[in-house]
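Summary of structural features
Here are the chains, one letter per residue:
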Amino acid sequence: MKFLVFLGTVRESTPPEPARLGVRVAEACLECLKSRYEEHEVELIDALDYPFDTVFKPHFAYPKSKAPSSLSRLAEKIKSSDGFIMISPEYNHSMSPALANLLNHFGSSLFAYKPSAIVTYSAGQWGGMRAAVGMRTFLSELGCLPVSAMVHVPKAQEVFAVDGSPQPGEDPVSWFNYFGRTFNQLVWWALAAREHRARDDPHQLIKDFKRDPSQRNAP
């Protein structure tokens, strides 16, 4: 199967230090996935690689031939994926605005009927868990329902080095076992969803919202 790992941090300035703390968490997740789930394809999608215009215009609002190529390529990757891992810091008890902005550029039909996993982190003691609460609602609305287990990494700068390797004194096996509880659920649901999509196309059962709000509203 194919999984996309979305890293939702674009802040490069300090303080606080270190900047882009989420890179460490993302690298640790990628290493865990590579070592324990090597039969699956995994790709990192870094929000910093997608600078957007000031005026918000999502991918689905463009004529097919006019959409920015970077958005079209990412749309195809989302469409062809079987599940998603969303990595976010916590800003004011909420998920990363950069991650929300990136995901909002794509229609829910690309994400729908596939599972997601929530990974949050912080430089402090809570590990971003308050952001994770809001992410459940957000991801559910996109259609990629998050699995029940989540990953929270408090004081991430003390847990992982810049390259994602554990800091001295941290047990990599214990951390990967912790990650695995969430990733195992993601893989299980992704396989189940993929097999069922192959038998019964959900987009035919429940039509996608395309143009008119009446397609979504009650009578």
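Everything that follows concerns the structure shown earlier in this document.
To keep things clear, this report deals only with the structure shown in the data block. Computed from a predicted structure; not experimentally measured.

Our focus in this paragraph is the overall build of the protein chain. Of regular secondary structure, the protein chain possesses eight helices and five strands. Starting at the N terminus and ending at the C terminus, the protein chain contains elements arranged as β-α-β-α-β-α-α-β-α-β-α-α-α. The C-alpha atoms of the protein chain give 18 Å as radius of gyration, which agrees with the globular expectation for 219 residues (17 Å, within 12%). By residue count, 45% of the 219 residues in the protein chain fall in the buried class. Taking all contacts inside the protein chain whose residues are at least 6 apart in sequence as the whole, residues at least 24 apart take part in 78%.

Of note, Arg-20 is situated in the loop between β1 (2-7) and α1 (22-36). Looking at Arg-20, the relative accessible area reads 15%, which means it is buried. Side-chain polar atoms of Arg-20 contact the backbone oxygen of Thr-9, separated by 2.6 Å. With sequence-adjacent residues up to four places away left out, Arg-20 is seen in contact with Leu-7, Thr-9, Val-10, Arg-11, Glu-12, Asp-46 and Leu-48.

Okay, the sheet that holds strand β2 (residues 41-46) next. Pairing is parallel across the open sheet formed by five strands, whose spatial order is β2-β1-β3-β4-β5. Strand pairing shows two members of the sheet lacking a second neighbour, β2 and β5 (151-153), which therefore form its edges. On average, each strand axis in the sheet is tilted by 15 degrees relative to the strand beside it, whichever way the strands run. In this structure, strand β4 (residues 116-121) lies alongside β5, joined through three bridges in parallel fashion. Bridge pairing links Tyr-121 to Val-153 in β5. Running at roughly 130 degrees to β1, helix α2 (residues 69-80) makes contact with β1, β2 and β3 (83-88) of the sheet. Where helix α7 (residues 172-199) meets the sheet, its contacts fall on β1, β3, β4 and β5, and the angle it forms with β5 comes to roughly 150 degrees.

Turning our attention to the packing of aromatic side chains. For the structure shown, the criterion picks out 11 aromatic pairs. Arranged with centres 5.9 Å apart and planes meeting at 65 degrees, the rings of Trp-175 and Tyr-178 form a pair that is edge-to-face. Highlighted residues: Trp-175 and Tyr-178, both in helix α7, separated by three residues, approximately one helical turn. Residue Tyr-178 is classed as partly exposed on the basis of its relative accessible area of 30%. Of the aromatic side chains, those joined through ring pairs into one cluster are Tyr-37, Phe-160, Trp-175, Phe-176, Tyr-178, Phe-179 and Phe-183. Against the face of Tyr-62 rests Lys-57, its NZ or CZ located 4.3 Å from the ring centre.

Any empty space left between the atoms is revealed when a probe the size of a water molecule rolls over them. Of the voids in this model, the second largest pocket is the one considered here, and its volume is about 230 Å³. When its residues are assigned to classes, the lining of the second largest pocket shows eight nonpolar, four polar and four charged.

Across the interface, α1 lies against α7 with an axial gap of 10 Å and an inter-helix angle of 80 degrees. By the angle between their axes, α1 is roughly perpendicular relative to α7. Residues Ala-28, Cys-29, Glu-31, Cys-32, Leu-33, Ser-35 and Arg-36 of α1 pack against Val-173, Phe-176, Asn-177, Phe-179 and Phe-183 of α7. For the contact of α1 with α7, the per-class residue count stands at eight nonpolar, two polar and two charged.

Tallied over the entire structure, the rule returns four salt bridges. Of the charged contacts in the structure, one is a salt bridge between Arg-20 and Asp-46, with a shortest N-O distance of 2.7 Å. On the criterion of sequence distance, the pair formed by Arg-20 in the loop between β1 and α1 and Asp-46 in strand β2 is long-range, its members being 26 residues apart. Side by side, Arg-20 and Asp-46 carry an identical accessibility label, which is buried. In this structure, the salt-bridge partner of Asp-82 is Arg-197, at a minimum N-O distance of 3.3 Å. Residue Asp-82 is found in the loop between α2 and β3, and its partner Arg-197 is found in helix α7; the two are separated by 115 residues along the sequence.

Definitions and limits used
- Residues numbered from 1 in each chain as written.
- Predicted model: local features only at pLDDT ≥ 70, side-chain atom pairs only at ≥ 80, totals over all residues.
- Heavy atoms only, no water.
- Helix = DSSP H or I, 4+ residues; strand = E, 2+ residues; numbered from the N terminus.
- Rg over C-alpha atoms; globule rule 2.2 N^0.38 Å.
- Buried < 20%, exposed > 50% of the residue type's maximum accessible area, 1.4 Å probe, protein only.
- Contact = heavy atoms within 4.5 Å.
- Polar contact = N/O pair within 3.5 Å; in protein donor to acceptor, adjacent residues only side chain to side chain.
- Pairing = 2+ DSSP bridges.
- Axes fitted to C-alpha atoms, helices over the stretch in contact; angles between N-to-C directions.
- Phe/Tyr/Trp six-rings, centres within 6.5 Å; stacked < 30°, edge-to-face > 60°.
- Lys NZ or Arg CZ within 6 Å of the ring centre and 35° of its normal.
- 1 Å grid on protein atoms, 1.4 Å probe; cavity = no way out; pocket = protein on both sides within 12 Å on 5 of 7 lines; lining within 4 Å.
- Points joined across faces, edges and corners; volume = space filled by probe spheres on them.
- Nonpolar A, V, L, I, M, F, W, Y, C, P; charged D, E, K, R; others polar.
- Parallel < 35°, antiparallel > 145°, perpendicular 65-115°, else oblique.
- Salt bridge = Lys/Arg side-chain N within 4 Å of Asp/Glu carboxyl O.

Structural measurements only, silent on function.
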